[in-house]
Amino acid sequence: MRYEILGRLRVVDDEGSTSLTARKMETLLAVLLGRADQVVTTDQLIAEIWGDRPPQRVNAALHVYISQLRKFLDRPGRPASPIVTRQQGYLLHLGEDTLDVNDFQRLVNRGREAAQRGRHEEAVAHFEGALSLWRGRALNDVQDGPILYWYVTWLEEARLECVEMLNDAYLVLSRHREVVGRLYVLTGEHPLRESFYRQLMLALFRSERQADALKVYQHARERLNAELGLEPCRPLRELQGAILRGDELLKHTVA
């Protein structure tokens, strides 16, 4: 069985994929998957599912949801439920089941290692494979409680880091024209993430669009000043200076 949370939460088996329609059940499974093979305490589960408004006899209600979730995850031939009761709470034991987040992390790590070894074509393949696992925002809107909020935040940061490394690999491989459009979208979606401005400026400069590269810097500077009262970071300022000088080194290295 495979659990997928890089998008809407779903469970995939030989019969296809299934999703939970009850929001509280979906939240329960999401929390247990976010802490797979770790105990999630009863108090933590209650906070994730009901927030600061738990119902009367909340422990009994949680027990009902656990029982329903066990039935949902039951499959013919499975010796035991993946949900295990512990003294302080519950855990979801992955065992031989898979989780798409683990596959994503594995591919990112392989891509990072390949890039560090100078095998950039291989790195691109791993990074693109990692990003292809995403079907949308992780867990969609199932992120009310503190555990899921920070888990989804971490996942999104990991995704953006993968995108950054993929862009850098493209630039090293002189595939700068391929990333210009993507980087314009990324700077629009993440206007305070200076690394995307840096990559876009470099890609434009290498595409013989020096003026557009400098406009990107000016836009980044105005946005950072307006939003945070800050000047661009040093690497971005240095890149602007190198572009103004027409530094030939920028055509061959990643800034």
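The structure reproduced in this document is the subject of the present report. (Residues numbered from 1 in each chain as written. Predicted model: local features only at pLDDT ≥ 70, side-chain atom pairs only at ≥ 80, totals over all residues. Heavy atoms only, no water.)

### Re the packing of aromatic side chains
Okay, step 1: Counted by the stated rule, this structure contains four aromatic pairs.
Okay, step 2: A ring pair is formed by Trp 50 and Tyr 65, whose centres lie 5.8 Å apart and whose planes are at 40°; its orientation type is tilted. Placement of the pair is Trp 50 in helix H2 (residues 42–50) and Tyr 65 in helix H3 (residues 58–73), with a sequence separation of 15 residues.
Okay, step 3: Accessibility expressed as a relative area gives 13% for Trp 50, which makes it buried.
Okay, step 4: Note that Arg 159 overlies the ring of Trp 134, its terminal NZ or CZ placed 5.8 Å from the centroid.
Okay, step 5: In this arrangement the basic side chain of Arg 182 is found over the ring face of Tyr 170, its NZ or CZ atom lying 5.1 Å from the centre. (Phe/Tyr/Trp six-rings, centres within 6.5 Å; stacked < 30°, edge-to-face > 60°. Helix = DSSP H or I, 4+ residues; strand = E, 2+ residues; numbered from the N terminus. Buried < 20%, exposed > 50% of the residue type's maximum accessible area, 1.4 Å probe, protein only. Lys NZ or Arg CZ within 6 Å of the ring centre and 35° of its normal.)

### Looking at helix H6 (residues 146–172)
Okay, step 1: Counted at 1.5 Å a residue, the expected span for H6 with its 27 residues is 39 Å, and the 39 Å between its end C-alpha atoms agrees.
Okay, step 2: Following H6 by one or two positions, Ser 174 has its phi on the positive side, about 60°. (Expected span 1.5 Å × (residues − 1).)

### Quick look at the packing of helix H7 (residues 176–189) against helix H8 (residues 194–206)
Pairs of packed helices are described in terms of their axes, by the angle between the two and the distance that separates them.
Okay, step 1: At a minimum axis distance of 9 Å, the contact between H7 and H8 shows a crossing angle of 145°. As for the relative orientation of H7 and H8, their crossing is left-handed in sense. Touching His 176, Val 179, Val 180, Leu 183, Tyr 184, Leu 186 and Thr 187 of H7 are Phe 196, Tyr 197, Gln 199, Leu 200, Ala 203, Leu 204 and Arg 206, all from H8.
Okay, step 2: Looking at the contact of H7 with H8 residue by residue, the classes come out as ten nonpolar, three polar and one charged. (Axes fitted to C-alpha atoms, helices over the stretch in contact; angles between N-to-C directions. Left-handed = near helix turned anticlockwise from the far one by under 90°. Contact = heavy atoms within 4.5 Å. Nonpolar A, V, L, I, M, F, W, Y, C, P; charged D, E, K, R; others polar.)

### Digging into the pairing of strand E2 (residues 10–13)
Okay, step 1: The sheet contact formed by strand E1 (residues 2–4) and E2 spans three bridges and is antiparallel. Counted as the bridge partner of Glu 4 is Arg 10 from E2.
Okay, step 2: With antiparallel pairing between neighbouring strands as the criterion, E1 and E2 make up a hairpin whose turn holds five residues, including Gly 7 at a positive phi of roughly 140°.
Okay, step 3: Bridge count for E2 against strand E3 (residues 16–18) is three bridges, and the pairing is antiparallel. Bridged to Val 12 within E3 is Ser 17. (Pairing = 2+ DSSP bridges.)

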